[in-house]
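Each chain is listed here by its residues.
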2 protein chains.
Amino acid sequence: MMELNPVVDAEHLMREFEELAGFSDAEPPAVTRVVFTETDLRARQFLKESCAHAGLLVREDALGNTFARWEGTNPALPAVGTGSHMDAIPHSGRFDGTVGVLGGLEALRALRETGFQPSRSLELLIFTSEEPTRFGLGCLGSRALSGAADLGALDRMVDKEGRSLEQVRTAAGFTGPLTAVTLPDSYYSAFVELHIEQGPLLERNGVPIGAVTAIAAPAALRVKFEGTGGHAGAVLMPDRHDALCAAAELILDVEKSARSTGSPDTVATVGFCSVHPGASNSIPSRVTVEVDIRDIALAPRNQVVADVKHVVAEMAARRGLQAGVEILNADPPATMAPPIVDAVLAVCSQLGIACQRMVSRAYHDSLYMARICPTGMIFIPCRAGVSHRPDEFASPEAITQGVQVLALTLAKLSSD
Amino acid sequence: MMELNPVVDAEHLMREFEELAGFSDAEPPAVTRVVFTETDLRARQFLKESCAHAGLLVREDALGNTFARWEGTNPALPAVGTGSHMDAIPHSGRFDGTVGVLGGLEALRALRETGFQPSRSLELLIFTSEEPTRFGLGCLGSRALSGAADLGALDRMVDKEGRSLEQVRTAAGFTGPLTAVTLPDSYYSAFVELHIEQGPLLERNGVPIGAVTAIAAPAALRVKFEGTGGHAGAVLMPDRHDALCAAAELILDVEKSARSTGSPDTVATVGFCSVHPGASNSIPSRVTVEVDIRDIALAPRNQVVADVKHVVAEMAARRGLQAGVEILNADPPATMAPPIVDAVLAVCSQLGIACQRMVSRAYHDSLYMARICPTGMIFIPCRAGVSHRPDEFASPEAITQGVQVLALTLAKLSSD
């Protein structure tokens, strides 16, 4: 293992980033790639061809999760997985998720070039819909793979146009029961995801690699207010039950609650707000907001969830309107497997690259993969910690180093 | 005049309401009919055919305002106009505006049936885009007709897809310079608009007819916040400049400001709120809201406008984001012409129908027509004062009485 020297073809890899960013429904440099749109399907085709070209065996499951396999010399052993997602929220950037997909592919290509023969099979995994854009719930693919989801409920979820997951995946060519998606026990002996940090710490510290020790606990709530509409000119203020005023109170309460848990790591965001009927001269009768709440500890996160429920109930009574809180998900934090954290640290030490242990505030498919196999994550810095924006940026050097570390970590994990 | 007995064909009129409501982009009973959409153009065609069938001479101007004329015996005299609008905000009802359009047409038909010969020509006017849905500004047609608008600026306004008024009207077949739209002085000697009250007073008082004495002063503002986007998991609370939290503060301040002017007639509404990028796990970077503010007096209305400007500036500085307030319109109130108010009262007295003087809290095209000719409005009750909602309702009896009063008022005004 010590002599293994996988060489990353940075130029080729950067061309692939450029090409993948072109599969987008936004004006460059912004990227919008929503699961099971025409654009998403074209991007998947591009990736499958790249995997096949690299000599990997490609298969897809009923949810569109894509597996590209390099058969090991001992194929009966549980495999080692790597990968990430390639869907992109509206008007975001080109590195979130894709660093683990294209970088994972490049790691496998670079290892093959060295003549390395893995004992365990190595698999690149491209997860379906890590982002919650379409169905309000993230990590669809990894939830199903890990058995963390009620598959029937998952399939019945509807997007904003009222189309169910089952309908849109079937239309996209991914058919059959979701039960076949869940991986058998011991399918993987390890899973490692390469990802941009999406925070400022590595850049601030001048450290090129983060070995993730835990992933924060995310919760997502959907709150619907139903008030009384009417003409904005004719209904006097005391007679109003304005659903948007109620939502505005909640938005400010969410901000205040997140700032007052006592934990500096609590974050809460209302990123989605839809107003019905949405005309400037009509009192809003129905408003839906989505609240995203996270902490690396469960208690402060749950405190904000409880605050939201309390505030919504109190306000609905006070304002004389209907309101309901739906918990879309409320997952516990995940601990990364110490042997994988140690493997990443050891590889960095071999390569003479600085590496720091850190937590992930963003969630990832690894949150769910950790339920079924020892899981780890490798972070690389991104400029100013910016993510989910068109100016999201990871340098070719940072990506190259991340791919090198990933390749040697995968070699280590697949050799025993 | 005293013997004139126009008979309203209520059954035929109700069939026309039913038919017009069918030109809609919403599921019944909701009506959505936005200016210069395919649906709007089909509805216009239906109305033009109905007018032609009634023996009226139809012309359209460069903005799509439609005139259906019954030539008087003395056509050199300024004409008498009636009419309203037929565009409908998203998910609204079938009576707002259309009562004055279909009811106005029926009034002319009923008068013709009696053998009445007007001295002045009578004209039914269907105004383009009374509702601000598409361009954020209401009363496009009547603003242009009355010379109240900067026609160049009007033509350059863009809709939410970035298409200018000039582009969409041209695509709809309404071409040529808007300067030709403004009516010459003394085109009309009087204008009378029949409309549902859109408030609860007539129904509450059991009075079938309202003679409007003044129209409230409306103002519309567009406020844009530009903060800093980012990943909802990774950016800690103290580092945020969330555009939606800023908008939420404004929404609550607008509500509070309207309640504290000292005038019970002040109303203010945020009916439109768009969030960019609009994903649940992304911090909102840009939010646009539209604020609608009205009072029958100018001072309290202007006080809320000033409050909005002040609050936005203070908040932008405190929250570290950019914000701008654009005044879309801020019109003074309009006084209805006393001779027309008196004519309505006299007709009601002739018919033995109760009638009350009242103000209009909603604005109408009559707000602008009052700038160029003596103008009046006739209100009929609508159920529970509800408007701009799918359950908006005016009874056939209420509409029939309104049309009778309108017909006799038009006969009076066109006879001298």
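About the thresholds
Residues numbered from 1 in each chain as written. Chains lettered and ligands numbered in written order. Predicted model: local features only at pLDDT ≥ 70, side-chain atom pairs only at ≥ 80, totals over all residues. Heavy atoms only, no water. Helix = DSSP H or I, 4+ residues; strand = E, 2+ residues; numbered from the N terminus. Buried < 20%, exposed > 50% of the residue type's maximum accessible area, 1.4 Å probe, protein only. Contact = heavy atoms within 4.5 Å. Areas by Shrake-Rupley, 256 points an atom, 1.4 Å probe, with all protein chains shown as cover. Lys, Arg positive; Asp, Glu negative; His and termini not counted. Charge placed at Lys NZ, Arg CZ, Asp CG, Glu CD. Phe/Tyr/Trp six-rings, centres within 6.5 Å; stacked < 30°, edge-to-face > 60°. Lys NZ or Arg CZ within 6 Å of the ring centre and 35° of its normal. Pairing = 2+ DSSP bridges. Axes fitted to C-alpha atoms, helices over the stretch in contact; angles between N-to-C directions. Expected span 1.5 Å × (residues − 1). Arc of directions from axis to C-beta. Least-squares fit on C-alpha atoms with pLDDT ≥ 70 in both. Buried area = accessible area lost by both parts, 1.4 Å probe. Salt bridge = Lys/Arg side-chain N within 4 Å of Asp/Glu carboxyl O. Polar contact = N/O pair within 3.5 Å; in protein donor to acceptor, adjacent residues only side chain to side chain. Nonpolar A, V, L, I, M, F, W, Y, C, P; charged D, E, K, R; others polar.

Visitor: Can you tell me about the overall build of chain A, naming the residues and giving the values?
Guide: Looking only at helices and strands, chain A features twelve helices and 17 strands. Taking the principal axes of its C-alpha atoms as reference, chain A extends roughly 80 × 45 × 40 Å. Of all 416 residues assigned to chain A, the portion counted as buried reaches 63%. Residue pairs at least 24 apart in sequence account for 79% of intrachain contacts in chain A once pairs closer than 6 positions are excluded. Here chain A displays about 14,600 Å² of accessible surface, and carbon together with sulfur accounts for 51% of that area. Each charge class in chain A was averaged separately, 35 positive and 50 negative side chains, and the resulting centres sit 3 Å apart.

Visitor: So what about the packing of aromatic side chains? Which residues, and what values?
Guide: Residues and elements named next belong to chain A. If you walk through the whole model with that rule in mind, you get 18 aromatic pairs over all chains. Here Tyr187 and Tyr188 contribute two aromatic rings whose centre-to-centre distance is 4.7 Å and whose plane-to-plane angle is 90 degrees, an arrangement assigned as edge-to-face. Residue classification places Tyr187 among the buried residues on the basis of a relative accessible area of 18%. On the basis of relative accessible area, Tyr188 is assigned to the buried category, the value being 4%. Members of the aromatic cluster, joined through ring pairs, are Phe67, Phe127, Tyr187, Tyr188 and Phe191. Cation over ring: Arg59 sits above Phe67, and NZ or CZ is 3.8 Å from the ring centre. Over the ring of Trp70 we find Arg112; its NZ or CZ atom is 5.0 Å from the centre of that ring.

Visitor: Break down the pairing of strand β17 (residues 375–380) of chain B for me, citing the residues and quoting the values.
Guide: Residue and element names in this part refer to chain B. Within β17, six of the six residues are buried, leaving the element largely enclosed by the surrounding structure. Side chains of β17 alternate between two faces, with Thr375, Met377 and Phe379 and Gly376, Ile378 and Ile380 buried alike. Both strand β7 (residues 188–196) and β17 contribute to a ladder of six bridges, which runs parallel. Within the sheet, the bridge partner assigned to Val192 lies in β17 and is Gly376.

Visitor: Account for the sheet that holds strand β14 (residues 322–330) of chain B, naming residues and giving values.
Guide: All names here are of chain B. With respect to topology, four strands assemble into an open sheet ordered β11-β13-β9-β14, the strand pairing being antiparallel. The open sheet has two edge strands, β11 (267–276) and β14, and neither has a second partner. On average, each strand axis in the sheet is inclined to that of its neighbour by 15 degrees, with strand direction left out of account. One ladder, built from nine bridges, connects β11 with strand β13 (residues 286–295); its direction is antiparallel. Within the sheet, the bridge partner assigned to Ser274 lies in β13 and is Thr288.

Visitor: Account for helix α2 (residues 38–53) of chain B, with residues named and values stated.
Guide: Because an α-helix packs 3.6 residues into every turn, residues spaced three or four apart end up facing the same way. Residues and elements named next belong to chain B. Given a rise of 1.5 Å per residue, 16 residues ought to cover 22 Å, and the 23 Å separating the end C-alpha atoms of α2 matches this to within 8%. Looking at α2, one finds that the buried residues are Thr39, Asp40, Ala43, Arg44, Phe46, Leu47, Ser50 and Cys51. The buried side chains of α2 occupy one side of the element, clustering within an arc of 160 degrees when seen end-on. Of the exposed residues in α2, the ones pointing more than 90 degrees away from its buried face are Glu38 and His53.

Visitor: So what's going on with helix α1 (residues 10–21) of chain B? Residues and values would help.
Guide: Residues and elements named next belong to chain B. The end-to-end C-alpha distance of α1 is 16 Å, a good match for the 16 Å that twelve residues give at a rise of 1.5 Å each. All of the buried residues in α1 are Leu13, Glu16, Phe17, Leu20 and Ala21. The arc that holds the buried residues of α1, viewed along the axis, is 130 degrees, so those residues lie on one side. For α1, the elements touching its buried residues are β1 (31–33), α2, α3 (98–113) and α12 (396–415).

Visitor: Can you lay out the relation of the copies chain A and chain B for me, pointing to particular residues and giving the numbers?
Guide: Overlaying chain A on chain B yields an RMSD of 0.1 Å, the required transformation being a rotation through 180 degrees with an accompanying axial translation of 0.0 Å. Both copies are brought into coincidence by an operation consistent with a two-fold rotation axis. If distances are taken from each C-alpha of chain A to the rotation axis, the shortest is found for Ala248(A), at 2.2 Å. When the interface residues of chain A are mapped onto chain B, 100% of them again lie at the interface, so the same face is used by both copies.

Visitor: Summarise the interface of chain A and chain B; cite the residues concerned and give the values.
Guide: Contact with chain A, which involves 58 residues of that partner, is made by 58 residues of chain B. Of the roughly 5,000 Å² buried where chain A meets chain B, counting both sides, 61% is carbon and sulfur surface. Considering only the surface of chain A that becomes buried against chain B, His231(A), Met237(A) and Ser280(A) emerge as the three largest contributors, covering 13% of it. At the surface where chain A touches chain B, the tally comes to two salt bridges. Of the charged contacts, one joins Arg319(B) and Glu255(A) as a salt bridge, the two residues approaching to 2.7 Å between their closest N and O atoms. Between chain A and chain B we count 16 residue pairs in polar contact (both at pLDDT 80 or more) in total. Of all the elements in the fold, those that place two or more residues in the side of chain A that touches chain B are β5 (88–92), β10 (230–231), α8 (243–259), β11 (267–276), β12 (282–283) and β13 (286–295) of chain A. Here the residues of the side of chain A that touches chain B sort into 27 nonpolar, 18 polar and 13 charged.

Visitor: Run through the pattern of salt bridges, naming residues and quoting values.
Guide: All names here are of chain A. What the rule picks out here adds up to 45 salt bridges over all chains. Glu11 is paired through a salt bridge with Arg15; the nearest N and O atoms lie 3.9 Å apart. Taken together, the residues Glu11 and Arg15, both in helix α1 (residues 10–21) and four residues apart, mark about one turn of the helix. Where Arg318 meets Glu314, a salt bridge forms, and the shortest distance between an N and an O atom there is 2.8 Å. Residue Arg318 and its partner Glu314 are located together in helix α9 (residues 298–319), separated by four residues, close to a single helical turn. Arg318 sits in the partly exposed class, given a relative accessible area of 45%. Residue classification places Glu314 among the partly exposed positions, given a relative accessible area of 36%.

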